[in-house]
Amino acid sequence: MLQTIRNAWKIEELRGKMIFTLLILVIFRLGNAVPVPYVDTTAMTDWFGNMQGTILGLFNTMSGGGLETASLFALSIQPYITSSIVMQLLCVAIPALERLQKEGGEDGKKLINKITRYGTVGLGLVMGFAYYLMMRNGGILSAGAEGFWPGLIIVLSFTAGSALVMWLGEQITEFGIGNGISIILFAGIVSRFPIAIVGMINGVRMPAGMEGAIPWWIIPLVLIGALALLVLIVVIQNAERKIPVQYAKRVVGRKMYGGQSTHLPIKLSMTGVLPIIFAQALASLPATIAVFAGVDPTNEEATGFLAGMAGFFDPAGAPYLIIYILLIVFFSYFYAQIQFNPIEISNNLKKNGGYIPGFRPGKPTQEHISKVLGKITLFGAVYLAVVAGLPILVGIFSEAAQRTGVALGGTSVIIAVGVALETVKSLENQMLMRHYKGFLDQ
């Protein structure tokens, strides 16, 4: 990876793109330091320390800590990610959008991107209003900031920040090294790592028995676990199952086509981190609703339906972990079926004269691909469940591990490693294209 970055830096064109990307990331980080008006940031930070177990904890990690400081970029790219996922599902459910996506060409893609942008602004308004209600119910707003106009300014500030982050990501995609939204997400997650490390060190320095104290042996275990997790994610991200495909020979005029052997690649982690994000959102939804309603999940004396619901779905409890793992498995199969259609692939192979050795074209080929896809999806679901659930399981049996903040570590590492690998591949492809271009120009 470092060698690829060094080689790309030597190329003037790619060096300019890398510098432009770094400048955009600097703007993104500066935006996380600009607070939204009418918000008591000190009270927000103190209050948010108890919310790490909810979906707000995941959003805060993905935004680079902007949510707990109520910054201009607090929403980060969550509205854009949600809008993109909804558009993907709609393109599968609505035939008109599916035809537009597959047959519309460049104009169709532009129209879908335009709808996604409008959806981002709409979701930004909804999420901004929800955060405003959360801060108002939690007593986080400044004195005299509960009127209509202060609330409107807060909501519009959050919405404008999310739209600006979306625009910054698009600039990286167009003028930078590519994968703009993913790189901004990567920057937000990585920016939290130093804070987590400093927090662990401070916890070790505290005298035993004090609140927040961490035993010294926790740090080596966390480091070893993080290294093993990193190696596992890299191996799985690059692994794929290759289904052999043979193309029959056919004569067209005086030329003979086909006859070559190739393969159909299926990545073991085809669904990426989306099942974890979906499962995290649904499993944490009860606790999140309770938080928005003004219930403090850390208050053991709280009573009522919402308080009971928040206690049952406590992220440090076994019921939450079981539901979380089941949701990960469900969404892994659900999203795999959306991304990979065995019927369509079988029909395409048949039209182009391709077949899988040992299986007749048509339904037998479709059944074989479905069988392979089912096994790979099961493996990927178990992998995601282990990576995302193991830190929570450790936290259930170890209060000290909970204080290290490892509950969201698996999700964060999967996202960060995946984006890093995609960025390196993008740089390699750009260097390869430049090499071919230079060769043709000679």
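Residues numbered from 1 in each chain as written. Predicted model: local features only at pLDDT ≥ 70, side-chain atom pairs only at ≥ 80, totals over all residues. Heavy atoms only, no water.

**Q** Tell me what's going on with the sheet that holds strand β4 (residues 261-267), and back it up with residues and numbers.
**A** Spatial strand order, β4-β1-β5: 3 strands in an open sheet with antiparallel pairing. Edge strands, defined here as strands with exactly one partner in the open sheet, are β4 and β5 (354-355). Two strands pair when backbone bridges link them, and strand β1 (residues 240-247) and β5 are joined in this way by 2 bridges, in the antiparallel orientation. Across the sheet, Gln246 pairs through a bridge with Tyr355, a residue of β5. (Pairing = 2+ DSSP bridges. Helix = DSSP H or I, 4+ residues; strand = E, 2+ residues; numbered from the N terminus.)

**Q** I'd like a description of the pattern of salt bridges, backed by residues and values.
**A** Per the stated rule, a full pass over the model turns up 1 salt bridge. The salt bridge involving Arg117 is made with Glu170; its shortest N-O contact spans 2.7 Å. Highlighted residues: Arg117 in helix α7 (residues 105-137) and Glu170 in helix α8 (residues 148-175), separated in sequence by 53 residues. Its relative accessible area of 21% is what places Glu170 among the partly exposed residues. (Salt bridge = Lys/Arg side-chain N within 4 Å of Asp/Glu carboxyl O. Buried < 20%, exposed > 50% of the residue type's maximum accessible area, 1.4 Å probe, protein only.)

**Q** Explain helix α2 (residues 12-31) residue by residue, including any values.
**A** Counted at 1.5 Å a residue, the expected span for α2 with its 20 residues is 28 Å, and the 29 Å between its end C-alpha atoms agrees. Buried within α2 we find Leu14, Met18, Thr21, Ile24, Leu25, Phe28 and Gly31. Buried residues of α2 fall within an arc of 135 degrees about the axis and therefore sit on the same side. Those residues of α2 that are exposed and angled more than 90 degrees off the buried face are Glu12, Leu22, Leu23 and Leu30. (Expected span 1.5 Å × (residues − 1). Arc of directions from axis to C-beta.)

**Q** Provide a residue-level description of the packing of aromatic side chains, including the pertinent values.
**A** For the structure on display, the rule yields 8 aromatic pairs. Ring centres 6.5 Å apart and planes at 35 degrees place the aromatic pair Phe129 and Tyr132 in the tilted group. Note that Phe129 and Tyr132 are positioned in helix α7 at a spacing of 3 residues, about one turn of the helix. Judged by its relative accessible area of 44%, Phe129 is partly exposed. Linked through ring pairs, Phe330, Phe331 and Phe334 together constitute an aromatic cluster. (Phe/Tyr/Trp six-rings, centres within 6.5 Å; stacked < 30°, edge-to-face > 60°.)

**Q** Tell me about the nonpolar core, and name the residues and values.
**A** Grouped together as the largest cluster of nonpolar side chains are 70 residues, with contacts concentrated most on Ile184, Ile276, Tyr324, Ile328, Phe340 and Ile414. Of the residues forming this core, the biggest block, 10 residues, is contributed by helix α17 (residues 363-397). Aside from chain neighbours lying at most four places away, what touches Ile184 is Leu25, Phe28, Ile77, Val165, Leu168, Gly169 and Ile172. Ranked by size, the runner-up nonpolar core spans 21 residues in total, among them Phe48, Ala74, Met127 and Val155. (Core = buried A, V, L, I, M, F, W, Y, C linked by side-chain atoms within 4.5 Å. Contact = heavy atoms within 4.5 Å.)

**Q** Provide a residue-level description of the confidence of the model for the protein, including the pertinent values.
**A** When pLDDT is averaged along the protein, the result is 79, and 83% of the positions lie at 70 or above. Here helix α18 (residues 399-403) stands out as the least confident element of the protein, with mean pLDDT 51; α8 is the most confident, with 91. The model gives residues 437-442 a pLDDT under 50, and that stretch makes 0 contacts with residues more than four places away or in other chains. (pLDDT = per-residue confidence, 0-100.)

**Q** Please set out unusual backbone geometry residue by residue, giving values where relevant.
**A** Of note, the phi angle at Tyr38 is positive, near 70 degrees, even though the residue is not glycine. Mapped onto the fold, Tyr38 is located in the loop between α2 and α3 (41-48). For Ser76, which is not glycine, the phi torsion reads 50 degrees and is therefore positive. Its location among the elements puts Ser76 in the loop between α4 (55-62) and α5 (78-93).

**Q** Could you give an account of a nonpolar patch on the surface, naming the residues involved and the relevant values?
**A** Taken together, the side chains of Tyr333, Leu378, Val382, Val386, Leu390, Leu393 and Val394 make up a nonpolar region of the molecular surface, amounting to roughly 560 Å² of accessible area. It is α17 that contributes the most residues to the nonpolar patch, 6 residues altogether. Looking at where Val382 falls in the secondary structure, it is placed in helix α17. (Patch = residues over 30% accessible without salt bridge, like charges linked within 9 Å, V, L, I, M, F, W, Y side chains within 5 Å. Areas by Shrake-Rupley, 256 points an atom, 1.4 Å probe, with all protein chains shown as cover.)

**Q** Quick rundown of the side chain of Ser76? Include the residues and the values.
**A** Residue class for Ser76 comes out buried when judged on its relative accessible area of 0%. Each residue touching Ser76, except ones within four places of it in the same chain, is listed here: Phe28, Met62, Ser63, Ser162 and Val165.

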